[in-house]
Amino acid sequence: MASEHHLIKIAAPQFECPTTFGTCTPYDSTTSCWSSNIGGYDWQCNYTTHRSSRGTVSLTLLLPHGNIREPLNARFKFSLVDREGRPVLSRTRASSFQNWTTTQHRWEWTCDDIITKDDLEQPEYRLDDGSFTVRFDIALKPFAAKATDAFVTVPPSNLHQHLGNLLECKEGTDVTFQVAGGDMFPAHRCVLAARSPVFRAQLFGEMKESKQTAGGVIVEIEDMEAKVFGSLLRFIYTDSLPEADEGVADEDDGPMEHYQHLLVAADRYGLERMKLICQEKLCSHICANSVGRMLVLADQHHCPGLKEACFDFLSSSTNLHLFTETDGFEVLSDRCPAVLKELLAKLATVLID
């Protein structure tokens, strides 16, 4: 299966109604915003501005007439992207894998009302020049012949989109978290309790930690960055973490440091799947400068997979030599001497074998 993604920059549309002899006449305007050859097919993307009372933008992906030369099996996804390059889950639409045959003279896939006028007025989505960015993901695989025609097609689950919308619109929230620095995060106690045993105990059980004000229940979080807590809430509602640029060589800062903080948060609130996702990301970004901190993190937060990945990295004499010249070696020996002894024992076994 082949897959790739593209970022499409689109000029922010004008939603004002043009007038004819003083009468407001709303109409839809369609503009081509992107085209590319992917997998031997000439794809084209159009966006339609609905200047009616809806004030929304729809996206359409199409293969023009005569372009489908052989059967195609494809899956697509459109996502509005924020200023930091992360897809907005509540503004993401995806298709399942579907077969498209040469008998179709023209094929198109439309995402209606994927972006609203209010979205484009938000500073976190609108770029300095007034444009916005959409990410397009495509995956292609060999055509899969069907034994029988399907009369009913079940779309993929969109529960995560609905819950993500619930978090963003803040409708029905009954608890607010105040994070260090003053950031406030409204949420729904029942959703948190259903996903996290720690939140369940804090909000409903004997460990209940909150204070009642005129505005509702307030829970203070003093030892976590707002960005980390926001990602934690997003995972609780959508079961996914925001995309990050993982092509970073130096893990002293950037996405990998963020994943370390997310792992700590996941362990704190009993979110095992989120914890495993963070471990998986960190395992593929171990280097001599980061392996010491990774081992400390794995030991303190019970991450056996991450620990074994670090041991495997250090089984190379070159990597081990580079590691001993970093401050990470001193950190590991001071904070986790038992892990250092375990490492030495494993390395001795490797040498004997």
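Given the structure is predicted, the values throughout are model-derived calculations rather than measurements. (Residues numbered from 1 in each chain as written. Predicted model: local features only at pLDDT ≥ 70, side-chain atom pairs only at ≥ 80, totals over all residues. Heavy atoms only, no water.)

Colleague: Hey, could you run me through the sheet that holds strand S4 (residues 28–38) in this one?
Modeller: Two modes of strand pairing occur in sheets, parallel and antiparallel, and in both the strands are linked by backbone hydrogen bonds. Strand order in the open sheet formed by four strands is S4-S5-S6-S10, and the pairing between neighbours is antiparallel. Sheet topology places S4 and strand S10 (107–116) at the edges, where each strand pairs with a single neighbour. Across the sheet, the axes of successive neighbouring strands diverge by a mean angle of 20°, strand direction being ignored. Across seven bridges, the pairing between strand S5 (residues 41–50) and strand S6 (residues 56–63) is antiparallel. When the bridges of S6 are listed, Thr-48 appears paired with Ser-58. (Pairing = 2+ DSSP bridges. Helix = DSSP H or I, 4+ residues; strand = E, 2+ residues; numbered from the N terminus. Axes fitted to C-alpha atoms, helices over the stretch in contact; angles between N-to-C directions.)

Colleague: Explanation requested: a nonpolar patch on the surface in the structure shown.
Modeller: Together, Phe-151, Val-152 and Val-154 make up a nonpolar patch on the protein surface, roughly 430 Å² of accessible area in all. The exposure class of Val-152 is exposed, given its relative accessible area of 66%. (Patch = residues over 30% accessible without salt bridge, like charges linked within 9 Å, V, L, I, M, F, W, Y side chains within 5 Å. Areas by Shrake-Rupley, 256 points an atom, 1.4 Å probe, with all protein chains shown as cover. Salt bridge = Lys/Arg side-chain N within 4 Å of Asp/Glu carboxyl O. Buried < 20%, exposed > 50% of the residue type's maximum accessible area, 1.4 Å probe, protein only.)

Colleague: Help me understand the pattern of salt bridges, please; the structure alone is not making it clear to me.
Modeller: For side chains of opposite charge, pairing can occur when their charged atoms come near one another. All chains considered together, the criterion is met by 13 salt bridges. The partner of Arg-86 in a salt bridge is Asp-82, and the shortest N-O contact between them spans 3.2 Å. A relative accessible area of 22% places Arg-86 in the partly exposed class. A relative accessible area of 14% means that Asp-82 is categorised as buried. In this structure, the salt-bridge partner of Asp-239 is Arg-195, at a minimum N-O distance of 2.9 Å. Of this pair, Asp-239 sits in the loop between helix H5 (226–238) and helix H6 (255–268) while Arg-195 sits in helix H3 (residues 189–195); the two residues are 44 residues apart in sequence, bridging distant segments of the chain. Residues joined by salt bridges that share partners form a network here, namely Asp-82, Glu-84 and Arg-86.

Colleague: I keep staring at the side chain of Lys-275 and nothing clicks. Help me out?
Modeller: Inspection of the secondary structure puts Lys-275 in helix H7 (residues 272–283). A polar contact is formed between the side chain of Lys-275 and the backbone oxygen of His-301, at a distance of 2.6 Å. (Polar contact = N/O pair within 3.5 Å; in protein donor to acceptor, adjacent residues only side chain to side chain.)

Colleague: Please clarify how H7 should be interpreted in this entry.
Modeller: Residues lying three or four places apart along an α-helix face the same way, a consequence of the helix completing one turn every 3.6 residues. Counted at 1.5 Å a residue, the expected span for H7 with its 12 residues is 16 Å, and the 16 Å between its end C-alpha atoms agrees. Among all positions of H7, only Met-274, Lys-275, Ile-277, Cys-278, Gln-279 and Leu-282 are buried. (Expected span 1.5 Å × (residues − 1).)

Colleague: Looking at this model, I keep getting lost on the nonpolar core. Mind explaining?
Modeller: The tendency in soluble globular proteins is for nonpolar side chains to be buried side by side. With 55 residues, the main nonpolar core has Phe-177, Leu-192, Phe-199, Phe-229, Leu-232, Met-274 and Leu-306 as its most contacted residues. Of all the elements, H5 adds the most residues to this core, at seven residues. Other than its neighbours up to four places away in sequence, Leu-306 contacts Gln-279, Leu-282, Cys-283, Ile-286, Met-294, Leu-297 and Ala-298. (Core = buried A, V, L, I, M, F, W, Y, C linked by side-chain atoms within 4.5 Å. Contact = heavy atoms within 4.5 Å.)

Colleague: Explain the packing of H5 against H6 to me, please; I cannot follow it from the model alone.
Modeller: Between H5 and H6, whose axes approach to 10 Å, the crossing angle comes to 60°. Looking at the two axes, H5 sits oblique to H6. For the pair H5 and H6, the sense of crossing is right-handed. Across the interface between the two elements, Lys-227, Val-228, Ser-231 and Leu-232 from H5 touch His-258, His-261, Leu-262 and Ala-265 from H6. Looking at the contact of H5 with H6, its residues break down into four nonpolar, three polar and one charged. (Parallel < 35°, antiparallel > 145°, perpendicular 65-115°, else oblique. Left-handed = near helix turned anticlockwise from the far one by under 90°. Nonpolar A, V, L, I, M, F, W, Y, C, P; charged D, E, K, R; others polar.)

Colleague: How should I be thinking about the environment of Arg-75 in this particular structure?
Modeller: On the secondary structure map, Arg-75 appears in strand S7 (residues 72–81). Overall, Arg-75 belongs to the partly exposed group, its relative accessible area being 36%. Along the backbone, Arg-75 and Asn-99 are 24 residues apart, and their C-alpha atoms lie at a distance of 9.3 Å. In contact with Arg-75, other than residues within four places in its own chain, are Ser-95, Ser-96, Phe-97, Asp-137, Ile-138 and Ala-139.

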